[in-house]
Amino acid sequence: MENFVAIVGTNSVASTNRQLLQFMQRHFADQAKIELIEIADLPMFDKPADKKLPPLVQTIDAKIMASDGVIISTPEYDHSVPASLSNALAWFSYGEHPFVDKPVMITGASYGSLGSSRAQSHLRQILDAPELRARIMPSSEFLLGHSLTAFDEQGNLKDQQQVAKLAGLFADFLDFVKLTNQLVHTKKINQQEVQNFSWDKI
Amino acid sequence: MKLVGIVGSNSDQSYNRLLMKYIAVHNGDLFDLEILDTKDIPLFNQSNDQTDSGPIQFMKRKIEQADGVIIATPEHNHTVPANLKSLIEWLSFKIHPLDNKPVLIIGASYYDQGSSRAQLHLRQIMEAPGVNAIVMPGNEFLLAEVKQAFDEFGEIKDAKTSEFLQVTLRKFVKFVHVAKALEEPKPLPKEDLNATGQIATTIPDVDMRAADWVEQAAKKVQAVSGDTYVQLDRGILTVDQINYLLSSMPMELTYADSNNEFLYYNAGKEQAGTLAGRRPDQVGNPLIVCHPAKALKNVEWVLQQLRAGKQDVIRIHVPKHGPDKYVVHSYQAMHDDQQRYVGLNEYVMDIKPVIDWYLQQTKQQLVGTTSTTAAVASASVKSEPVSNDAVASASVKNEAATTTPAKADGVASASVKP
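In short, a report on the structure. (Residues numbered from 1 in each chain as written. Chains lettered and ligands numbered in written order. Predicted model: local features only at pLDDT ≥ 70, side-chain atom pairs only at ≥ 80, totals over all residues. Heavy atoms only, no water.)

Per the secondary structure count, chain B includes 12 helices and 13 strands. Nonlocal contacts in chain B, meaning residues at least 24 apart in sequence, comprise 66% of its contacts between residues at least 6 apart. Working note: accessible area of chain B is about 21600 Å², and carbon and sulfur atoms make up 54% of it. (Helix = DSSP H or I, 4+ residues; strand = E, 2+ residues; numbered from the N terminus. Contact = heavy atoms within 4.5 Å. Areas by Shrake-Rupley, 256 points an atom, 1.4 Å probe, with all protein chains shown as cover.)

See below:
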C-alpha cells in the first residue's frame, strides 16, 4: 500500500481543506495510508544563512522524502495560496529538497463557488519552481466550492458526484505515482541540479 | 505627492530594498517616497487576528495617508515571498487600506526572469476583492541579474534601464491622478465635538465647562503635583520639572484627547496673551466650547483626518498676527504604541524668527518667489544686496523653489477643505 502525506494548506484552526483531507484519509484507507501534516507551527521563513533548518521543518522534510506521494489541499486567499502555505513550501525547498520528482496531487476547498481555482493554478506554478520540481498530476483539478455546507455531521462529503470524482482522481493518482516512478531519465540530473542550485550562483 | 514603497523581502540584504532606495533618492522632484519594511509583520493566521497590533496598524496608516504605493517584489518559488503575501492578507482581512489605492509593481531578481512570475501573481493578488487595489497596467519593470545591476554607489549601471524606470515612474505619477478621479468620496465618521463620550482617562463627574475644572478634576483623581517624581519614557522628572520644561518650549502646546476634550496647554497662568488665545478657564472644555461657531466645520475636518489616519499633521498659517510674524498652527496626531489615535497636539509657533536665523546664519536670502509664496517671502526679505557668489545664490533659488511652494500647498489644502 502506498504511503502518502497530505499537507493542510492553511494555519487556520477551522479549515474545510483539513476536513477534505480527513475525509480522503478515511475514504481511501483501503488504498493508501495518508498522514496529515499541519503547517501552523512553522516559523516565518527567514532564509537562515547557515541553512540550519528548524527541527519541525526537518521532521516534515523527512516525512515527505519517505512518502510515495504528497497531497496538498489549498484554500484561496486573495486569488492565491495562503501565505502560510507559501511559507511552508519556502521551508520545504531550502537546504533540503524533498519535493524533487515527488508525485503531487492538488485539491482545494473554498467557501465560495470557485473552489480555490486560482490558488490551485498558482500552486502548480510554485511546485514547478527550480527548488521544488515536483511531479504534479496534470489535468486533474478537484475544486470543492461552498465547502462550509459540503460535509455531513460525520465529516463525509455529501455530494456523491463529488465523491465519485474524487475517487476517480485518487485512483488516477495511484497510477500516476507508479508512472512517475518510471520517469527515470531526468531523475539523476534533477537531483544534481537541485543540489547545485543556488540563487546566489545564477 | 506622497508615496510609500513596500519592500517585499524580509532579508537584510535585499536588492529590492536597494532598488526602492534608488527610486526614493532620484525622484525627489516627483514625489516623497517613504520605504516600509515587512520585517515585523507576523505570518497571517485567520484564527489569531492580529490586525490591531502595532506593525499592521502602522502599515495601514502609512498606506492610507499615501497617494499611491510602489511594491518591489522578489520571486521565491515562482511567486511572491510569503512575508509579502502575509502582509497583503492582513490588509485584506478586517481592514482594507489598499482599497482603490493606485499601485505600481516592480521587482528585482537574481536571474534573468527578473521576478516576472511573481509580478504576475502579485497583479492577480492585488485584484482580489478584499484587496481591490488599482494596479497600473503595462509598464512592467523587471530588474534582472540584480547582482550586476547596481554599481558600488547604489546607482543602476545601465542607462537604458534607469531611463525606462524614470519613464515608468513619471507615468505612475499621472496614473495616481487618474485613479483618484475614479474614487468614490467616502465620508468620515462625525466628530463628537461636545466630548460626550467617555474614554479610560476621562475624569467623570466634573463639569467640563467649569472655569476651575483643573482644580476640581485634580482633587477628584488626587493628581500629583510639585516635587512628586513621575517616570517618563525616557527619564524621571518631578511635576515641577515637567512644567519648567514645557513652559520653556519655543512653541505653545495643546493636548486634546481622543474624546475631543481640551486637557492641557503649556503657556502658564501668568502669561497675558498667547498666540493661540488660550485662557486658563478653558482647560477641560469640550472642543466645541473653545472654538467660534464658524470654525467648527474646519475643526471637525482636522479631527477626522487625524483620527482616520489620513494625515499625521495638518499645518495652517494664521495670518492675523501681522507681517512681523508667521504663525503656524500644527495639528499633530498622537498615537499609543499600538498605533491607536489618542488625541492631538496642537503646537503653535511663530516660525519667522527661525527662518530669519537660518538665513542669517547661512548668509542666504529668499529670492525668486512666486505670488503663492509671497507671504513667506515678504516676511523675510532682506535689505542686503544679493550675494554675488554664484553657488550661494543658486542654492538659495533652489531653496525657495522647492520648499516654499510645498508649504504653501500644504496650507492651502488644509484650509480650503470644508
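Next comes the rest of the account.
Let's shift gears to the overall build of chain A. A count of helical and extended segments in chain A gives six helices and six strands. Its helices and strands taken in sequence order, chain A reads β-α-β-α-β-α-β-α-β-β-α-α from the N to the C terminus. Here chain A holds 202 residues, and the buried ones make up 55% of them. Sequence-distant contacts, at least 24 apart, represent 80% of the contacts inside chain A between residues at least 6 apart. Accessible area of chain A: about 8900 Å², with a carbon and sulfur share of 52%. (Buried < 20%, exposed > 50% of the residue type's maximum accessible area, 1.4 Å probe, protein only.)

Here we come to the pattern of salt bridges. All names here are of chain B. Scanning all chains against the criterion turns up 23 salt bridges over all chains. The partner of E300 in a salt bridge is K190, with the nearest N and O atoms 3.5 Å apart. In this pair, E300 is assigned in helix α9 (residues 296–308) and K190 in the loop between α6 (159–182) and α7 (213–221), connecting sequence segments 110 residues apart. Classification of E300 as buried rests on a relative accessible area of 12%. You can call K190 exposed: its relative accessible area is 70%. Measuring nitrogen to oxygen at the nearest pair gives 2.7 Å for the salt bridge that ties K352 to D356. Here the residue K352 and the residue D356 both occupy positions in helix α10 (residues 352–362), the gap between them amounting to four residues, near one helical turn. (Salt bridge = Lys/Arg side-chain N within 4 Å of Asp/Glu carboxyl O.)

Bringing the pairing of strand β12 (residues 327–335) of chain B into the picture now. Side chains on a regular strand alternate between the two faces of the sheet. All names here are of chain B. Burial analysis of β12 places seven of its nine residues in the buried class, which makes it a mostly covered element. Across six bridges, strand β11 (residues 313–318) lies against β12 in antiparallel orientation. Across the sheet, residue I314 finds its bridge partner in β12, namely Y331. Inspection of the sheet shows β12 paired to strand β13 (residues 341–350) by nine bridges, in the antiparallel sense. (Pairing = 2+ DSSP bridges.)

What follows is about the nonpolar core. Residues and elements named next belong to chain A. Residues I7, I72, L89, F92, F99 and L127 are the most contacted members of the largest nonpolar core, which totals 31 residues. Secondary-structure elements contributing two or more residues to this core are β1 (2–8), α2 (55–66), β3 (69–74), α3 (83–91), β4 (103–109) and α4 (117–127). The biggest single contributor to this core is α3, with five residues. Those residues in contact with I7, other than ones at most four positions away along the chain, are L21, I37, I39, I64, V70, I71, I72, S73, L85, F92 and F99. (Core = buried A, V, L, I, M, F, W, Y, C linked by side-chain atoms within 4.5 Å.)

Attention now moves to the sheet that holds β13 of chain B. All names here are of chain B. Reading across the sheet, the five strands line up as β10-β9-β13-β12-β11 and stay open at both edges, with antiparallel pairing between neighbours. If you trace the sheet from one side to the other, it starts and ends with β10 (262–265) and β11, each paired once. With strand direction ignored, the average angle separating the axes of adjacent strands in the sheet is 20°. (Axes fitted to C-alpha atoms, helices over the stretch in contact; angles between N-to-C directions.)

This brings us to the interface of chain A and chain B. Of the residues lining the interface, 33 residues belong to chain A; the matching set on chain B comes to 29 residues. Overall, the association of chain A and chain B removes approximately 2700 Å² of surface from exposure, summing both partners, and the carbon and sulfur fraction of that is 55%. Inspection of the region where chain A meets chain B yields zero salt bridges. Inspection of the region where chain A meets chain B yields 16 residue pairs in polar contact (both at pLDDT 80 or more). For the side of chain A that touches chain B, the elements supplying multiple residues, two or more each, are α3 and α4 of chain A. No other element matches α3 of chain A, which puts six residues into the side of chain A that touches chain B. Within the side of chain A that touches chain B, the residues separate by chemical class into 18 nonpolar, 10 polar and five charged. (Buried area = accessible area lost by both parts, 1.4 Å probe. Polar contact = N/O pair within 3.5 Å; in protein donor to acceptor, adjacent residues only side chain to side chain. Nonpolar A, V, L, I, M, F, W, Y, C, P; charged D, E, K, R; others polar.)

Take the pairing of strand β1 (residues 2–7) of chain B next. All names here are of chain B. Of all the six residues making up β1, five are buried; the element is thus mostly covered by neighbouring parts of the structure. The pairing of β1 with strand β2 (residues 32–37) spans six bridges and is classified as parallel. Of the residues in β2, the one forming a bridge with G5 is I35. Strand direction decides the pairing type here: β1 and strand β3 (residues 68–72), joined by five bridges, are parallel. From the neighbouring strand, L3 faces β3, where its bridge partner is G68.

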